[in-house]
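Below, each chain spelled out in residue letters.
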Amino acid sequence: MLLSRHQVLALREPDPERLERSAYLLLSRIDTQGPMSIGQLAEAFGLDTSTVNRQTAALLRCGLAERVADPDGGMARKLRITAEGGRRLGGDREANRSCLARVVAGWSPEEVRELEDVLVRLNRSAEALEGRHWPRTEEYETGAACHPPVPQGSASFSSQGPVPRTP
């Protein structure tokens, strides 16, 4: 919970570009997995489809996502992240990484890597209990992204933060 609280550091200064939490989570999943239907998103997050429908309607209104034909030829329309959605998601990810880097600024590179490893394990254990695995790039499956190069004397995070792309 404290880790989540520290991400609030990025929200202290009002910024109309910042995404609401639900938008961040949905866009992150679509960005990671590719176009998804409302039903697929509801299943992925364990939410009711009416809840996801309201949340995705907001994404569509703001131009952060768009409806597209199912790339696999299915009947359901899917949601795809737009260039604007990708830009804003990227900005939020960078703000979150920056705030986390400030939290661990006094840590050694080894301590940062240890935290990354433990958080990856925690996330995967939670996913296993829920039966809802977060899609990861091959880079994360091999563990390569869990150990980014860390400049001497400062802590940094990989391009996707200290944990796999989990919400």
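Notes on the structure in this doc start here.

Quick notes on the rules
Residues numbered from 1 in each chain as written. Predicted model: local features only at pLDDT ≥ 70, side-chain atom pairs only at ≥ 80, totals over all residues. Heavy atoms only, no water. Patch = residues over 30% accessible without salt bridge, like charges linked within 9 Å, V, L, I, M, F, W, Y side chains within 5 Å. Areas by Shrake-Rupley, 256 points an atom, 1.4 Å probe, with all protein chains shown as cover. Salt bridge = Lys/Arg side-chain N within 4 Å of Asp/Glu carboxyl O. Lys, Arg positive; Asp, Glu negative; His and termini not counted. Charge placed at Lys NZ, Arg CZ, Asp CG, Glu CD. Helix = DSSP H or I, 4+ residues; strand = E, 2+ residues; numbered from the N terminus. Core = buried A, V, L, I, M, F, W, Y, C linked by side-chain atoms within 4.5 Å. Buried < 20%, exposed > 50% of the residue type's maximum accessible area, 1.4 Å probe, protein only. Contact = heavy atoms within 4.5 Å. Polar contact = N/O pair within 3.5 Å; in protein donor to acceptor, adjacent residues only side chain to side chain. Expected span 1.5 Å × (residues − 1). Axes fitted to C-alpha atoms, helices over the stretch in contact; angles between N-to-C directions. Left-handed = near helix turned anticlockwise from the far one by under 90°. Nonpolar A, V, L, I, M, F, W, Y, C, P; charged D, E, K, R; others polar. Arc of directions from axis to C-beta.

On to a negative patch on the surface. A cluster of acidic residues, Glu110, Glu111, Glu114 and Asp117, forms a negative patch at the surface. Note on placement: Glu114 falls in helix H6 (residues 109-130).

Counting residues in each nonpolar core, the largest one holds 19 residues, and the members touching the most others are Leu19, Leu27, Leu41, Leu59, Leu79 and Leu89. Going through the elements one at a time, helix H2 (21-33), helix H3 (38-45), helix H4 (49-61) and strand E2 (78-81) are the ones with two or more residues in this core. For Leu59, the contacting residues outside a window of four places in its chain are Ala23, Leu26, Leu27, Leu64 and Ala65.

By the element assignment, Ser28 lies in helix H2. A polar contact is formed between the side chain of Ser28 and the backbone oxygen of Tyr24, at a distance of 2.8 Å. If near-sequence neighbours (up to four positions away) are discounted, Ser28 is found in contact with Leu89, Arg93 and Trp134.

Its 21 residues place the ends of helix H5 (residues 83-103) 30 Å apart at the C-alpha level, agreeing with the 30 Å of an ideal helix rising 1.5 Å per residue. Of the residues making up H5, those classed as buried are Gly85, Arg88, Leu89, Asp92, Arg93, Asn96, Arg97, Cys99, Leu100 and Ala101.

So, about the packing of H3 against H4. It is at 9 Å that the axes of H3 and H4 come closest, and there the two elements cross at 115°. The crossing of H3 and H4 is right-handed. Counting all contacts with H3, which are made through Ile38, Gly39, Leu41 and Ala42, the residues of H4 involved are Thr49, Val52, Asn53 and Thr56. Grouping the amino acids of the contact of H3 with H4 by side-chain chemistry returns four nonpolar, four polar and no charged.

Under the counting rule described, the total for this entry stands at six salt bridges. For Arg80, the salt bridge identified is with Glu66, shortest N-O distance 2.8 Å. Here the residue Arg80 occupies a position in strand E2, and Glu66 occupies one in strand E1 (residues 65-68), the gap between them amounting to 14 residues. You can call Glu66 partly exposed: its relative accessible area is 29%. Salt-bridge contacts for Glu84 lead to Arg87; the nearest nitrogen and oxygen are separated by 2.7 Å. Taken together, the positions of Glu84 and Arg87, both in helix H5 and three residues apart, correspond to about one turn of that helix. Among the residues examined, Glu84 registers a relative accessible area of 31% and is labelled partly exposed.

Quick look at the environment of Gly131 now. Its location among the elements puts Gly131 in the loop between H6 and helix H7 (138-142). For the pair formed by Gly131 and Gly46, sequence separation is 85 residues and the distance between their alpha carbons is 10.0 Å.

Turning to H3, its buried residues are Ile38, Leu41, Ala42 and Ala44. Mapping the buried residues of H3 onto a view down its axis gives an arc of 165°, with all of them on the same face. Residues of H3 that are buried in the fold lie against H2, H4, E1 and E2. The positive-phi residue at the C-terminal boundary of H3 is Gly46, with phi of around 65°.

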